[in-house]
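Structural features, examined
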Amino acid sequence: MRTGEGLLNLLFPERCVVCDGISDRPGKGLCKECQDKIIYIKEPFCMKCGKQLRSGEREYCGDCEKKEHYFIQGTALYDYGSMADSISRFKYGGRTEYASFYGRELYEKKRQWLMAIRPQALVPVPVHASRKRKRGYNQAELIARELSACSGIPVNTALIRRERKTRPLKALSQTERQNNLKRAFKICQNDVKLKTIVIIDDIYTTGSTVDEMARVLAGAGVTRVYFMALTIGRGI
């Protein structure tokens, strides 16, 4: 470790993204005690949304068997339960430095998936202007920019905006989520030349947000819409 880096770490010690304690492995983002606590999504997973499946005999989760999505395919990195506290601190507690770890992990674990898709842009799920002012940042955009720095794929935040402030989705039913998101997003460009994009978000649950974005993007001429989520719930 260089002297400057060592001094910086003394003044602003790096925290573990899992427990938020002072990391005993500078530059890694995780302390030794927490490195095995993260649960990664691995096969078998839903071939549509990427949710972890209990059985390898199925191709799709229960949600994707019942619902037709507007996106082509999605993938996710972590099981939500193992990273829920981390995401909460990142999203609501100002731990923006976590984004560096998240973006690096996404690139390392999902590089082949990205190479196969060859997206022209990463499009973070936008937050309403009032919410961004209150929070100070858009967590999806921070993740997207870190992933962009690793992959070289540009981030596009000018393509689509959140036009209407929506209610938090956590306590809403599937139907309520869909109604809540109607007319929530608006394309900001008259002539959209992008054909393949990856939507970036921190959490995927039912897919209502990604679906509504994908529907609006498809209407503007984006023919291939995928998504990448940092965390995802389990399939049934």
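Please refer to the structure higher up on the page.
On a predicted model such as this, the values are computed, not experimentally measured, just so you know. (Residues numbered from 1 in each chain as written. Predicted model: local features only at pLDDT ≥ 70, side-chain atom pairs only at ≥ 80, totals over all residues. Heavy atoms only, no water.)

1. Observations concerning empty space enclosed by the protein
To keep things clear, this is the line we draw: Residues are called lining when one of their atoms sits within 4 Å of a cavity or pocket point, these points coming from a 1 Å grid over the protein atoms alone, where a cavity is a set in which a 1.4 Å probe fits but cannot get out and a pocket is an open set with protein on both sides within 12 Å along at least five of seven lines. Grid points are joined across faces, edges and corners, and a volume is the space filled by probe spheres set on the points. Each residue gets one label: Ala, Val, Leu, Ile, Met, Phe, Trp, Tyr, Cys and Pro are nonpolar, Asp, Glu, Lys and Arg are charged, and the others, such as Gly, are polar.
Evaluation of the coordinates by the stated rule reveals one cavity of 30 Å³ or more. Each pocket or cavity is described by its volume, and for the largest cavity that value is around 40 Å³. The wall of the largest cavity is formed by Ile-41, Phe-45, Gly-50, Thr-75, Ala-76 and Lys-110. Taken together, the residues that form the lining of the largest cavity break down as three nonpolar, two polar and one charged.

2. Overview of the pairing of strand β2 (residues 121-124)
Definition in use: Exposure classes here rest on a 1.4 Å probe applied to the protein chains alone. A residue is buried below 20% of its type maximum, exposed above 50%, and partly exposed in between. Helix and strand definitions follow DSSP, with helices as H or I runs of at least four residues and strands as E runs of at least two, each counted in order from the N terminus. When DSSP finds two or more bridges between two strands, those strands count as paired.
Both faces of β2 are covered, namely the face carrying Ala-121 and Val-123 and the face carrying Leu-122 and Pro-124. The sheet contact formed by β2 and strand β5 (residues 196-204) spans four bridges and is parallel. Bridging across to β5, Leu-122 finds its partner in Val-198.

3. Observations regarding the packing of aromatic side chains
Note the cut-off: Each Phe, Tyr or Trp ring, with Trp reduced to its six-membered ring, pairs with another whose centre is within 6.5 Å; inter-plane angles below 30 degrees give stacked pairs, above 60 give edge-to-face pairs, and intermediate values give tilted ones.
With the rule as written, the count across this model stands at eight aromatic pairs. Consider the rings of Tyr-98 and Tyr-102, whose centres lie 6.1 Å apart with planes at 80°: the pair is edge-to-face. Linking Tyr-98 with Tyr-102, this pair stays in helix α4 (residues 98-117), spanning four residues, or about one helical turn. Each of the two residues, Tyr-98 as well as Tyr-102, counts as buried. Members of the aromatic cluster, joined through ring pairs, are Phe-90, Tyr-98, Phe-101 and Tyr-102.

4. Digging into the packing of α4 against helix α6 (residues 139-151)
Note the cut-off: Every angle, taken between N-to-C directions, lies between 0 and 180 degrees, and every axis is a line fitted to C-alpha atoms, over only the stretch in contact when it is a helix. With respect to orientation, any angle under 35 degrees is reported as roughly parallel, any angle over 145 as roughly antiparallel, any angle of 65 to 115 as roughly perpendicular, and every other angle as oblique. By convention, the crossing between two helices is left-handed when the near helix turns anticlockwise from the far helix through less than a right angle, and right-handed when the turn is clockwise. Contacts are assigned to residue pairs with any non-hydrogen atoms lying within 4.5 Å of each other.
In the contact formed by α4 and α6, the axes pass within 8 Å of each other and the chain directions differ by 55°. Between α4 and α6, the angle is such that the two are oblique. Read as a crossing pair, α4 and α6 show a hand that is right-handed. Counting all contacts with α4, which are made through Ala-99, Ser-100, Tyr-102, Gly-103, Arg-104, Leu-106, Tyr-107 and Leu-114, the residues of α6 involved are Leu-142, Ile-143, Glu-146, Leu-147, Cys-150 and Ser-151. Residue classes in the contact of α4 with α6 are distributed as nine nonpolar, three polar and two charged.

5. A look at the packing of helix α3 (residues 80-92) against α4
As a packed pair, α3 and α4 sit with axes 10 Å apart at the nearest point and diverge in direction by 130°. Classed by the angle they form, the pair α3 and α4 counts as oblique. Each of Met-83, Ser-86, Ile-87, Arg-89 and Phe-90 in α3 lies in contact with α4, whose residues at this interface are Tyr-98, Ala-99 and Tyr-102. A per-class count over the contact of α3 with α4 returns six nonpolar, one polar and one charged.

Keep in mind these numbers describe shape, not what the thing actually does.
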